[in-house]
Amino acid sequence: MINLDLSHAKLNEELSSYETAVKEAHKWLHEKTGKGNDFVGWVNWPLEYDKDEFERIIECANRLKDSTDVLVVCGIGGSYLGARAAIEMINGLYPNKHTEIVFVGNTFSATYIHQVLEYVKDKEVVLNVISKSGTTTETSVSFRLFKQMMEEKYGDKASSRIIATTDKARGTLKALATKEGYETFTIPDDIGGRYSVSTAVGLLAMAFADIDIREVMRGSLDAYNEYNNDDINTNTAYQYAVARRIMDKMGYSAEMFVTYELQLTSVAEWWKQLFGESEGKDGNGLLPTSACFSTDLHSLGQFIQQGRKCLFETLLWIKKMDSDIIFPKAAEDFDNMNYLADKRVSWVNEMAMRGTLSAHEEDGNVPNIIIELDDNSAYAFGYMIYFFFKACGMSCYLLDINPFNQPGVEVYKKKMFHLLGKE
């Protein structure tokens, strides 16, 4: 399902030189003996996920979505990035679906929050609030405002249109959900937010968006089986992890995640959180950044081609998207574009990719890692996320750091709370 091409990476070490380290790190992941081992529940999740709750997710979406214009998902970080990545990758940016998915709780911008409140006020709304503790500030600010809107709009029936995805037994959101009678889904104790997209955190929004979440889980299970081995010669997820470490040692400080489809922009945002929050500790880690070509070639292309050699590119290429168009022939070739007549625009995009790859690698001396995915289906999404989970865990363990905590995030919160006057 995933083909990894390292022939353009210009690596100065052999992958096999990491064989012993990979075997040890694989054992840490699967035997739960490495750093942060309380949060490796994602490793076996495709095999061991809660089947009863999974069916409840499908039932809930089927029961509510036909009477819902907009699902408002209230969450930040891993509580929304994965779902958004899935919905946009699979359905596109302008899907012809009954239920629209709108994301809030990921900003303090009063302008944005007000705009969404105004946008949904006359629509039929279901609100899904996602928070392990119920005290995440960005999410709590939006949730209070949208909870008030729902109660004013639906009265006593509001509780039947509010869904809480939270801790199984404790926390302020769980207590509120119990008190108000909200339907609840569980964030597993041993899976952190950025690894949670294939739990209820991401699956509920996908189901509302008419995505076949059974296919998502089937893709993840196949990836689990594919990457459940410690052989650096065959495990492409581990090969990608090792290639990143070699790039790091070669002096590259940034990894640019490149796509050629606008509907993969949120996949890039999800990827940036996964690697940035997992790896950026103790002065370590590659800066995760992203670009969508050919769009960003007209803004970042000059720097990539001739600027400081601080980055390498990781290209996610989808071999067959679910739609295409034929470029038309004009009776009068007013724009001198008839040389492309009757060709698929997807072919033009591929030639742009190949030309850019050649320019960056050969003339710009920018290494490239290429990750090829067959298509943009629900199955492919499920497969892809597990590939990146496994690569990220391995990449961090090769640095001897905990991939599953984020102590640096707490620093801004303390400063912010002081300024806000919170005790």
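Residues numbered from 1 in each chain as written. Predicted model: local features only at pLDDT ≥ 70, side-chain atom pairs only at ≥ 80, totals over all residues. Heavy atoms only, no water.

Some remarks on the overall build of the protein chain
Helices and strands together make up the secondary structure of the protein chain, namely 15 helices and 10 strands. In summary, the protein chain has a C-alpha radius of gyration of 22 Å against a globular reference of 22 Å for 423 residues, a match within 12%. By its C-alpha atoms, the protein chain is 65 × 65 × 45 Å across when sized along the principal axes. Split into buried and exposed, the 423 residues of the protein chain put 52% on the buried side. Looking at the protein chain alone, contacts between residues at least 24 apart form 80% of all its contacts between residues at least 6 apart. Surface exposure of the protein chain reaches about 19200 Å², of which carbon and sulfur atoms provide 49%. Of the side-chain charges in the protein chain, 44 are positive and 61 negative, and the distance between the mean point of each set is 5 Å. (Helix = DSSP H or I, 4+ residues; strand = E, 2+ residues; numbered from the N terminus. Rg over C-alpha atoms; globule rule 2.2 N^0.38 Å. Buried < 20%, exposed > 50% of the residue type's maximum accessible area, 1.4 Å probe, protein only. Contact = heavy atoms within 4.5 Å. Areas by Shrake-Rupley, 256 points an atom, 1.4 Å probe, with all protein chains shown as cover. Lys, Arg positive; Asp, Glu negative; His and termini not counted. Charge placed at Lys NZ, Arg CZ, Asp CG, Glu CD.)

Considering helix 7 (residues 172-180)
Every buried residue belonging to helix 7 is among Leu 173, Lys 174 and Ala 177, and all of these are buried. In a view along the axis of helix 7, the buried residues occupy a sector of 100°, so they form one face of it. In helix 7, those exposed residues whose orientation departs by more than 90 degrees from the buried face are Thr 178 and Lys 179. Structurally, helix 7 contributes buried residues whose contacts are with strand 4 (125-130), helix 6 (137-154), strand 5 (162-166) and strand 6 (183-186). Directly beyond the C-terminal end of helix 7, a positive phi value near 85° is found at Gly 181. (Arc of directions from axis to C-beta.)

Quick notes on the nonpolar core
Of all hydrophobic cores here, the largest spans 101 residues; its most connected members are Trp 42, Tyr 240, Trp 270, Ile 369, Phe 381 and Phe 388. A total of 16 residues in this core trace back to one element, the largest contributor, which is helix 14 (residues 378-397). Dropping the residues within four chain positions of it, Phe 388 is found in contact with Tyr 240, Phe 257, Trp 270, Trp 271, Leu 274, Phe 275 and Ile 371. Counting residues in hydrophobic clusters, the runner-up holds 23 residues, among them Val 72, Val 125, Met 150 and Leu 173. (Core = buried A, V, L, I, M, F, W, Y, C linked by side-chain atoms within 4.5 Å.)

Observations concerning the environment of Met 1
Its location among the elements puts Met 1 in the segment before strand 1 (2-5). With relative accessibility at 27%, the residue Met 1 sits in the partly exposed group. C-alpha separation for the pair Met 1 and Glu 372, spaced 371 residues apart in sequence, amounts to 8.1 Å. If sequence neighbours within four positions are ignored, Met 1 has contacts with Glu 372, Leu 373, Asp 374, Asp 375, Tyr 379, Ala 380 and Tyr 383.

Topic: helix 13 (residues 345-363)
End to end, helix 13 covers 26 Å across 19 residues, agreeing with the expected 27 Å (1.5 Å per residue, within 8%). Burial in helix 13 covers these residues: Asn 349, Met 353, Thr 356, Leu 357, His 360 and Glu 361. Down the axis of helix 13, the smallest arc covering the buried residues is 115°, so these residues share one side. In this structure, helix 13 carries Glu 362 and Asp 363 as exposed residues pointing more than 90 degrees from its buried face. Looking at the packing, one finds that the buried side of helix 13 touches helix 12 (301-306), strand 9 (311-320) and strand 10 (368-375). Trailing helix 13 by a residue or two, Asn 365 shows a phi angle of about 55°, which is positive. (Expected span 1.5 Å × (residues − 1).)

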